[in-house]
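Per-entry structural report
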Amino acid sequence: MESTLNTNTTDALSLRTRKDFPILDQEINGHPLIYFDNAATSQKPVQVLDAVRRYYEHDNANVHRGIHELSNRATLAYESARERTAQFLNARSSKEIVFTRGTTEAVNLVASCLGQSLKSGDKILITEMEHHSNMVPWQLIAQRTGAELLYLPVKDTFGELDLDQLDNLLTPDVRIFSFVHISNSLGTINPAKVLCAKARSVGALSFVDGAQSGGHYPVDLQDIDCDFYALSGHKIGGPTGIGALYAKGDLFNELPPYHGGGEMISEVTYDRPIFKEGPHKFEAGTPNMSGAVGLAAAMDYIDSIGRQAIYDHDRELAEYFYNEISKLPGTQVYGPKENRAGLVSFLLGGMHAHDLVTLADQKGIALRGGHHCTQPLMKKFGVTGTARASFYFYNNRQEVDRCLEVLEHIQKRFGDLE
Ligand code: PLP
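Described in the following lines is the structure provided in the data block. (Residues numbered from 1 in each chain as written. Predicted model: local features only at pLDDT ≥ 70, side-chain atom pairs only at ≥ 80, totals over all residues. Heavy atoms only, no water.)

1. So, the nonpolar core
- Residues Leu125, Phe177, Tyr229 and Phe393 are the most contacted members of the largest nonpolar core, which totals 76 residues.
- With 11 residues, helix α10 (residues 289–305) is the single largest residue contributor to this core.
- A domain split of this core shows at least three residues from each of domain 1 (7–32 + 306–414) and domain 2 (49–304).
- In terms of nonpolar packing, the next biggest core, distinct from the first, is built from 29 residues, Ile34, Phe36, Tyr320 and Phe391 among them. (Core = buried A, V, L, I, M, F, W, Y, C linked by side-chain atoms within 4.5 Å. Buried < 20%, exposed > 50% of the residue type's maximum accessible area, 1.4 Å probe, protein only. Helix = DSSP H or I, 4+ residues; strand = E, 2+ residues; numbered from the N terminus. Domains from an automatic or database assignment.)

2. Regarding empty space enclosed by the protein
- Going through the model one piece at a time under the given rule, you end up with three cavities of 30 Å³ or more.
- Looking at side-chain class alone, the lining of the largest cavity contains six nonpolar, five polar and one charged residues.
- Here the lining of the largest cavity spans two domains, and each of domain 1 (7–32 + 306–414) and domain 2 (49–304) adds at least three residues to it.
- Here the second largest cavity defines a volume of roughly 40 Å³. (1 Å grid on protein atoms, 1.4 Å probe; cavity = no way out; pocket = protein on both sides within 12 Å on 5 of 7 lines; lining within 4 Å. Points joined across faces, edges and corners; volume = space filled by probe spheres on them. Nonpolar A, V, L, I, M, F, W, Y, C, P; charged D, E, K, R; others polar.)

3. Considerations on the sheet that holds strand β17 (residues 386–390)
- Strand order across the open sheet formed by four strands is β13-β14-β17-β16, with antiparallel pairing between neighbours. Both edges of this open sheet fall to β13 (332–334) and β16 (368–370), since each of them pairs with a single strand only. Each neighbouring strand pair of the sheet contributes to a mean axis angle of 30°, computed without reference to strand direction.
- Looking at chain direction, β13 and strand β14 (residues 343–347) are connected through three bridges and run antiparallel. What sits directly across from Gln332, in β14, is Leu347.
- The sheet contacts of helix α11 (residues 307–326) involve β13, β14 and β17, and relative to β14 the element is tilted by about 15°. (Pairing = 2+ DSSP bridges. Axes fitted to C-alpha atoms, helices over the stretch in contact; angles between N-to-C directions. Contact = heavy atoms within 4.5 Å.)

4. Brief notes about helix α2 (residues 46–59)
- Here α2 is 14 residues long and its end C-alpha atoms lie 19 Å apart, about the 20 Å a rise of 1.5 Å per residue gives.
- If you check which residues of α2 are buried, you get Val48, Ala51, Val52, Tyr55 and Asp59. The buried residues of α2 all sit within an arc of 95° when viewed along its axis, so they share a single face. Of the residues in α2, the exposed ones pointing more than 90 degrees away from the buried face are Arg53 and Glu57.
- For α2, the elements touching its buried residues are α3 (69–89) and α10. (Expected span 1.5 Å × (residues − 1). Arc of directions from axis to C-beta.)

5. Quick notes on the site of the ligand
- Around the ligand lies a shell of 14 residues, among which Thr104, Asp209, Ser232, His234 and Lys235 are the nearest.
- Thr103 is positioned with one of its backbone polar atoms (N or O) 3.4 Å from an oxygen atom of the ligand.
- Between Gln212 and the ligand, the recorded distance is 2.8 Å, taken from a side-chain N or O atom to an oxygen atom.
- Contact with the protein chains covers 85% of the free accessible surface of the ligand, which is 390 Å².
- A majority-of-atoms criterion places the ligand in the second largest pocket.
- For the shell around the ligand, the class distribution of residues is three nonpolar, nine polar and two charged. (Near = heavy atom within 4 Å. Polar contact = N/O pair within 3.5 Å; in protein donor to acceptor, adjacent residues only side chain to side chain. Areas by Shrake-Rupley, 256 points an atom, 1.4 Å probe, with all protein chains shown as cover. Sits in = over half its atoms within 2 Å of the grid points.)

6. Quick look at helix α7 (residues 192–201)
- The set of residues buried in α7 consists of Ala192, Leu195, Cys196 and Ala199. Looking down the long axis of α7, one finds its buried residues gathered within 100° of arc, a one-sided arrangement.
- Looking at the buried positions of α7, the neighbouring elements they touch are α6 (166–169), β7 (174–180), β8 (205–209) and α8 (221–224).
- Gly203 sits one or two positions beyond α7 and adopts a positive phi of about 80°.

7. Remarks on the side chain of Thr127
- You can see Thr127 is positioned in strand β5 (residues 123–127).
- For Thr127, a relative accessible area of 0% corresponds to the buried category.
- A distance of 3.1 Å separates the side chain of Thr127 from the backbone nitrogen of Met129, its partner in a polar contact.
- Once you skip the residues sitting within four places of it in the chain, Thr127 turns out to touch Met135, Tyr151, Leu152, Leu161, Phe177, Ser178 and Phe179.

8. Topic: the packing of aromatic side chains
- A complete count under the given rule lists 17 aromatic pairs for this structure.
- When the ring of Tyr217 is compared with that of Tyr311, the centres are 4.9 Å apart and the planes differ by 85°; the resulting orientation is edge-to-face. Here Tyr311 lies in helix α11 and Tyr217 lies in the loop between β8 and α8, a separation of 94 residues in the sequence.
- On the accessibility criterion, Tyr311 (9% relative accessible area) is buried.
- Ring geometry for Tyr334 versus Phe381: centroids 5.7 Å apart, planes at 20°, classification stacked. Taken together, the residues Tyr334 in strand β13 and Phe381 in the loop between α13 (375–380) and β17 connect sequence positions 47 residues apart. In this pair, the class of Tyr334 matches that of Phe381, namely buried.
- Aromatic ring contacts, followed pair by pair, group Phe21, Tyr301, Tyr392, Phe393 and Tyr394 into a single cluster.
- Arg307 extends its terminal NZ or CZ atom over the ring of Phe88, reaching a point 3.6 Å from the ring centre. (Phe/Tyr/Trp six-rings, centres within 6.5 Å; stacked < 30°, edge-to-face > 60°. Lys NZ or Arg CZ within 6 Å of the ring centre and 35° of its normal.)

Put into structure tokens, the structure is as follows:
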């Protein structure tokens, strides 16, 4: 295939950042590694690894309760990471940020806490393109409370939400509208600001699943004006096991607690606990201090590149991949053709996604194959899964060309176009 990507800027980010990711400099099955599984998890720059190591070598102690120097330092590092996260998302205050294990825990936290006041007759609205993380917690809460769970449909394999049906579904009995900002299986970018305004207009809360947008796309929460937003640190160059939940204004004070334990109380008697205010009420037990330090370092790293630049780079690679892979006979590509995020879901004619991904791995290329935790959506499209290539700023056009070459070869050898 001949390259149709005619931009010199696409590879500039890769050239600049590649040295910070030693993991990328290795061979897999005798071929240079090409890592295109970034939507599942990103690689971590040495700056993040160093920050975590520095924390453990110099500052580690338990936070908040200590009255000694190391505990003060650990507390400062942890609370500074909260400030950094608020700034990264353009929240108004660090009191609007709770650290979680990731997006999944953030959705569970809100579903569980809000669920305590849900009852039969209330409605929860999500969309057909949600990741299981933003579907199963709501299914559980609907089952427990008798609230009704509604789905805003996806129109077709181009992956747009059917916004014509929004007014019918988003009625005043909807308590919360929770939707994915960027779809992990389609690459669709949903109009978060418009959807949140719609939710507000009927008195519903809004929850934006930012797992794929947080460090990949310019995100300004005051502009989006959502009630809740969640991200996962491991998808933006940070460590695993740390993420953030934003709740607007005083919402954390209005919700009941999630987990009980140390750190989240101001006083406990044998009769009852009295909870702390704001985010601390939701952080029971020893928190993930080193994770928060690593997350803040990842945010510094991302911002040293710029989220608009990252988005432009990833989108260009994705659009190029989308156009080129579409030329292979029998290929089905999913998600929007333009204005998409940096990932592409596809199937090569006559091949199961798992076979395709296994064969690509033999050439050192890491793709993902399966339902991408959007099983109902795959069923709607009549497939069990797709292959997915997802890009980040350290990827480059040469890698995409090599991947396309390998996929073309696989398709010719193993594809069944009958
Ligand atoms: N939401 C979306 C759109 C995702 O892509 C993912 C992970 O792939 C999640 C939620 C869950 O994120 P985590 O596993 O980090 O909690």
